[in-house]
Amino acid sequence: MGRPVVSINMMNVDESKHRGADTWRQEAYSFTTGQFAKLDRSYRRHCGPTAITSLLYTLAQREGRPIQEKPEAVFTKIARMGGKRLMYLNADLFKRFGGTSDLLAPFLITACLRSYGLRGYKVRGPFLATANRICRELALGAILYMELHGHPVYGSHHLLCYGYRFKDGKLMLRTADGWISRIHELPAGQELFSFCTVITR
């Protein structure tokens, strides 16, 4: 029998206090790492810039002024910005090192929002991604930039979370996971631990 995966996310969640949230259904974008793997160069561990690309398109769509550049150009700009500021490392060393820094992701997101004229947003975190925090922030209309670690499918991975609901007692997150080109539901609590950065007005 294998060692059980311990998840912080689902501890002490009060389902009765959380009815679900789906604020971003109409505007949510979901680009994939496969779209951006081979552009001006080969990109590795680029789930962070991919998630931020989806975030920018989603917020711009909500504001009624869609981004006119192609997603590939936006992604490349984000990856370069992250590389210059040492927030994103385009490398995969020993399958463990590289990608977007968990601690610096909020600063990269803030810089990208400013670069595309998306003003008036607060970027807070990273916080430990407990179920109560996830539900509370999403219910208030936030988008969450999630940083998963020890996930049985994704391993260490960054993605966006747009909403949630409970299904058969399980917390289901509406995500743009960077692997599938549509929004889909992901059960919370499968990862060993995770962090979230909160993007709100």
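Look up a bit, the structure's there.
Criteria and cut-off values
- In this numbering scheme, every chain counts its residues from 1 along its sequence in written order.
- Residues qualify for local features only when their pLDDT is at least 70, as the model is predicted, and side-chain atom pairs are given and counted only at 80 or more; totals for whole chains, interfaces and linings, by contrast, use all residues.
- Note that water and hydrogens are dropped before the side-chain values are worked out from all heavy atoms of the structure.
- Disulfides are defined in this document as cysteine sulfur pairs within 2.5 Å.
- Accessible area is worked out with a 1.4 Å probe on protein chains only. A residue is then buried under 20% of its type maximum, exposed over 50%, and partly exposed in between.
- For helices, the fitted axis covers only the stretch in contact; all axes are lines through C-alpha atoms, and the angles between them, taken along N-to-C directions, range from 0 to 180 degrees.
- Only DSSP runs of H or I covering at least 4 residues are called helices, and only runs of E covering at least 2 are called strands; the numbering of each starts at the N terminus.
- Here roughly perpendicular refers to angles of 65 to 115 degrees, roughly parallel to angles under 35, roughly antiparallel to angles over 145, and oblique to all remaining angles.
- Two helices that cross are described as forming a left-handed crossing if the nearer one is turned anticlockwise from the farther one by less than a right angle, and a right-handed crossing if clockwise.
- We call two residues in contact whenever any of their non-hydrogen atoms come within 4.5 Å of each other.
- Three classes are used, and their members are as follows: Ala, Val, Leu, Ile, Met, Phe, Trp, Tyr, Cys and Pro are nonpolar, Asp, Glu, Lys and Arg are charged, and the others, Gly among them, are polar.
- Should DSSP find at least two bridges between two strands, the strands are taken to pair.
- Here, expected helix span is obtained from the residue count minus one, scaled by 1.5 Å.

Caption draft 1: Representation of the state of the cysteines. Tallied over the entire structure, the rule returns zero disulfides. The closest cysteine sulfur to the non-disulfide-bonded Cys196 is located on Cys161, 8.9 Å from its own sulfur. According to the relative accessible area criterion, Cys196 is buried, its value standing at 0%.

Caption draft 2: Molecular detail of the packing of helix 3 (residues 71-84) against helix 4 (residues 105-115). Running from amino to carboxyl end, helix 3 crosses helix 4 at an angle of 130°, the nearest separation of the two axes being 10 Å. Taken together, the axes of helix 3 and helix 4 are oblique relative to one another. The element helix 3 and its partner helix 4 pack so that their crossing is right-handed. Contacts between helix 3 and helix 4 involve Lys77, Ile78, Met81 and Gly82 from the first element and Leu108, Ala111, Cys112 and Ser115 from the second. Of the residues in the contact of helix 3 with helix 4, the class split is five nonpolar, two polar and one charged.

Caption draft 3: Fine view of the pairing of strand 4 (residues 143-151). Within strand 4, eight of the nine residues are buried, leaving the element largely enclosed by the surrounding structure. With six bridges joining them, strand 4 and strand 5 (residues 155-167) adopt antiparallel strand pairing. Paired with Met146 across the bridge in strand 5 is Leu159. Joining the antiparallel neighbours strand 4 and strand 5 is a turn of three residues.

Caption draft 4: Region of interest: the packing of helix 2 (residues 47-62) against helix 3. The contact between helix 2 and helix 3 brings their axes to 9 Å, and the two run at 125°. As judged from the angle between their axes, helix 2 and helix 3 are oblique. Along this stretch, helix 2 crosses helix 3, giving a crossing that reads as right-handed. Touching Pro49, Thr50, Ile52, Thr53, Leu56 and Tyr57 of helix 2 are Pro71, Val74, Phe75, Ile78 and Ala79, all from helix 3. Looking at the contact of helix 2 with helix 3 residue by residue, the class counts come to nine nonpolar, two polar and no charged.

Caption draft 5: Local environment of the side chain of Thr175. Mapped onto the fold, Thr175 is located in strand 6 (residues 170-176). The class of Thr175 is buried, set by a relative accessible area of 1%. Leave out the neighbours within four places in its chain, and Thr175 touches Leu159, Leu160, Cys161, Arg182, Ile183, His184 and Leu186.

Caption draft 6: Fine view of helix 2. Along its 16 residues, helix 2 runs 23 Å from first to last C-alpha, staying within 8% of the 22 Å computed at 1.5 Å per residue. Summarising burial for helix 2: 14 of the 16 residues are buried, a large majority.

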